[in-house]
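Listed below, chain by chain, are the residues.
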Amino acid sequence: MTSISARRLGKELTEIKAEGCPVGINLVKADDFATWWFTIEVMGESLYQGEKYTLQFRFDSNYPISSPAVQFVVGDGKVSPVHPHVYSNGHICASILGNEWSPVLSVIAVCVTIQSMLASCKKKERPTDNDRYIRFAPDNPKKTRFHYDDDTV
Amino acid sequence: MASDYEFSDSDGDYDDDEDMIDGTQDETGESEDDMDMDAFGDDFKVVPKGKRKSFEIEYESLSQSDVEKLMKKDVEDIVGILGVDESTANLLLRHMSWNTERLIEKYMDNPTKVLVAAGVTVEEPPSSPAPIRSHSIPNSATIGTSQSGRRPTRSSSKLLGSKSPSALKSSSTVSPTSTTRLSPRATDLPTPFVCPICFDDAPTLRPLSLTCSHPFCSGCWTAYISSKITDEAEHAIRCMAEGCALVATDTFIHDLLTASDVDPEEAKVNEETWARFQELLIRHFVASNPNLKYCPYPACTNTVSCPAAASKASLTSVVPIVSCGARGIPGAAQASGSGGNLGLPGKEHKFCFGCPIESDHRPVVCAAARLWLKKCRDDSETANWIKSNTKECSMCMSTIEKNGGCNHMTCKKCKHEFCWVCMGPWSEHGTAWYSCNRYDEKAGVEARDAQSRSRASLERYLHYYNRWANHEQSAKLSLDLYAKTEKKMEDMQITSELTWIEVQFMKKAVEEVDKCRMTLKWTYAMAYYLAKGNEKDLFEDNQRDLEKAVEDLSELLESPIEAENIPMLRQKVTDKTVYVQKRNEIVLEDTAAGFLEGRWKWNVAIDGFDDPEKTEF
């Protein structure tokens, strides 16, 4: 299984390096097959114009059968975007990172989804339960059982 | 009226189920486990087996294959009625939690809807791609569930496609979905095939897909299915494509896990995964059927069928203690097997069909037993500590701990000033500060009276708890007792003419003591909740008789063995054992009869019973 994960990530990395990332997304580091960082910007007109965020991917040996742990990097001058589905500790509540993850999705596909999630945001605000959540949040967002009930944003 | 119900529709279904189970039992005859039990029981039981006693419930022990037969019968029924193939019937039944009636009803109503919901077929016109679902605004859950089925394969392949042209090409040229179900099948694909998951493009790759025609290589399928089965204990395994709701059939999974093109080590793991999958299916079936319960003992795969205790209402009149027929715990068996030629068979897998208590809690009913266990967990230690370290304020009854200082107490809550020693008001101590010599004064006596009243309920609880805990402790020590007894039995054979068979009376006695202690333990839980009155007095008389008999027998078992005494000891122990067994049956029978007659009145509200005030009709 480790070999599938490494081979798959290797392939994804080769493609990213060969063809580049979609507009607004840039690879920061991918030194190993455990943690990758991307920067993400929303292009065009949006509430996040001119802002740049760092997205972190953590992979376990079961990737891509199991989903990567994805979150915004917080600290060291980096912050998480103010968005109804993004907690101030960087955790993201999105169904494709949880129960709707599919092995056919890729790192870039996740980046694009999150980019479009930001782009379609109508109002900059934190999730209503932000304070409660971040107090007890586990380090790995995959350990949180998010409840997905909002199709619209 | 009860008789009305027998003719209602819902009861008709219930009867069907019962027949089904009985029928299978008749075919198979007595299971091996039962026969083992009989062989064992006949040696030692004084009362011949066969007649069920009033405190015993009727039940059947089913092995894994017996349950499989039951499942198969349901599946065959559905195949016959709905005219679908076997794997479809399986998926449909699992989707409907094995509720045959509802499945048929729903299927007749709208077959496509049921087939899609169960993941048998793909939705005919694929719904428009839904955006990713996120949380926060409590939207109607129906949108989420109905659309989650067909999430945008299109968008994902587009996303992937922008980066991997090969993947795009393969997924867009896939032949359109056919309605016939061929699984697994090698999808006809333009070469070379690149697995969209591992990106492998080796020509030896075996692309497989469900009828939704999302092809992935067999390696990825196996990894995915194994992870679902072993890590997530999931039996409904959906296609790997994003948003595809198609569920893999058993044949598909079986063919993958028994594939011969893997190395022997992996094949072994796959075999285990397949066995685990079978077990998951059985567990799901058992969990869906109120007449069945899985044996809760570790590594045991037996199931018990007990239709008499399937409804919650029945639990107020019966205590459904059942046994799956197996004994001991695999792996741990070696440890207890050290009992040498005594051949300790390991503990019988006894459990309660009606509640999660994994032991025999007769004679008390499930609801009261649970209440008692909860109270003990919450209270026992705290209660002990409160009793020994605190007093109540004689004015407001707040519990106070004195952790230093003088005897002049001022209650934090009501500001009452009193003396810690005599509990009387401090004002009466006059100028005799800090030395209490007023023990007999009226006010002090009254305050102590009030205090003792409030302590009485705690004392009462501790009375029952200590006896309960004592029997529990003794039961835990029974293993030691078994070992000691074995030693004695060996000694006896050496010092007397008795044969191995003839010294079995010792073992029998130990077993009986163990069993009775269990009953005694729970009689204290029962007595704690019984309302005062003649009924309770009679109950406690029976309890006392049993307790006395058990203690006498225990003492006999501990007594030293001298050669000349052995025949007498044997006679005594045998007599006592029979007596103890009778006393135990009297307690159990009388209590069980009491439940059937509704004779027992409680002093607290207990689930399923009338409230204590309203018990008089």
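Rules used throughout
Residues numbered from 1 in each chain as written. Chains lettered and ligands numbered in written order. Predicted model: local features only at pLDDT ≥ 70, side-chain atom pairs only at ≥ 80, totals over all residues. Pairing = 2+ DSSP bridges. Helix = DSSP H or I, 4+ residues; strand = E, 2+ residues; numbered from the N terminus. Axes fitted to C-alpha atoms, helices over the stretch in contact; angles between N-to-C directions. Contact = placed C-beta atoms within 7 Å. Parallel < 35°, antiparallel > 145°, perpendicular 65-115°, else oblique. Left-handed = near helix turned anticlockwise from the far one by under 90°. Nonpolar A, V, L, I, M, F, W, Y, C, P; charged D, E, K, R; others polar. Core = buried A, V, L, I, M, F, W, Y, C linked by C-beta atoms within 7 Å. Buried ≥ 20, exposed ≤ 12 C-beta atoms within 10 Å, placed from the backbone.

**Q** How would you sum up the pairing of strand β3 (residues 52-58) of chain A? Please name residues and give values.
**A** Residues and elements named next belong to chain A. Sheet topology places strand β2 (residues 35-41) next to β3; seven bridges connect them, and they run antiparallel. Along β3, the bridge assignment pairs F38 with L55. Across four bridges, β3 lies against strand β4 (residues 69-72) in antiparallel orientation. Residue pairing for β4: L55 is matched across the bridge by F72.

**Q** Break down the sheet that holds strand β1 (residues 25-29) of chain A for me, with residues and values.
**A** All names here are of chain A. Overall, antiparallel pairing links the four strands, which are arranged β1-β2-β3-β4 in an open sheet. The sheet is open, and its two borders are formed by β1 and β4, each paired with just one other strand. Averaged over neighbouring strand pairs, the angle between their axes works out to 25° when direction is ignored. Where β1 lies against β2, four bridges are found, and the strand directions are antiparallel. Along β2, the bridge assignment pairs L27 with F38. Sheet contacts for helix α2 (residues 107-119): β1, β2, β3 and β4; angle to β2, the most-contacted strand, approximately 35°.

**Q** Kindly report on the packing of helix α18 (residues 504-529) of chain B against helix α19 (residues 534-558) of chain B, identifying the contributing residues and their values.
**A** Helix packing geometry: the angle between the two helix axes and the distance between the axes. Residue and element names in this part refer to chain B. Where α18 contacts α19, the two axes come as close as 10 Å, and the packing angle between them is 150°. One way to sum up the angle between α18 and α19 is to call them roughly antiparallel. Crossing hand, α18 versus α19: left-handed. For the pair α18 and α19, contact is made by A509, V510, V513, C516, R517, L520, T523 and A527 and by K536, F539, E540, Q543, L546, E547, V550, L553, S554 and L557, respectively. Residue classes in the contact of α18 with α19 are distributed as eleven nonpolar, three polar and four charged.

**Q** Quick one: what's the story with the nonpolar core, residue by residue and with numbers?
**A** C111 of chain A together with L92, C220, A368 and A525 of chain B are the most contacted members of the largest nonpolar core, which totals 127 residues. Residues in contact with A368 of chain B, not counting those within four places in the same chain, are A525, M526, Y529 and I606 of chain B. Judged by nonpolar contacts, the second largest core, of 21 residues, contains M489, M492, F505 and V573 of chain B.

**Q** Describe the sheet that holds strand β6 (residues 303-305) of chain B, naming the residues involved and giving the relevant values.
**A** All names here are of chain B. Strands sit in the order β1-β6-β5 across an open sheet of three strands; the sheet is antiparallel. A strand with exactly one partner marks an edge of an open sheet, and here the two such strands are β1 (60-62) and β5 (292-294). Taking each pair of neighbouring strands and ignoring which way they run, the sheet shows an average axis angle of 25°. Pairing geometry for β1 and β6, over three bridges, is antiparallel. Bridge pairing links E60 to S305 in β6.

Spatial relationships are all this shows, so hold off on functional conclusions.
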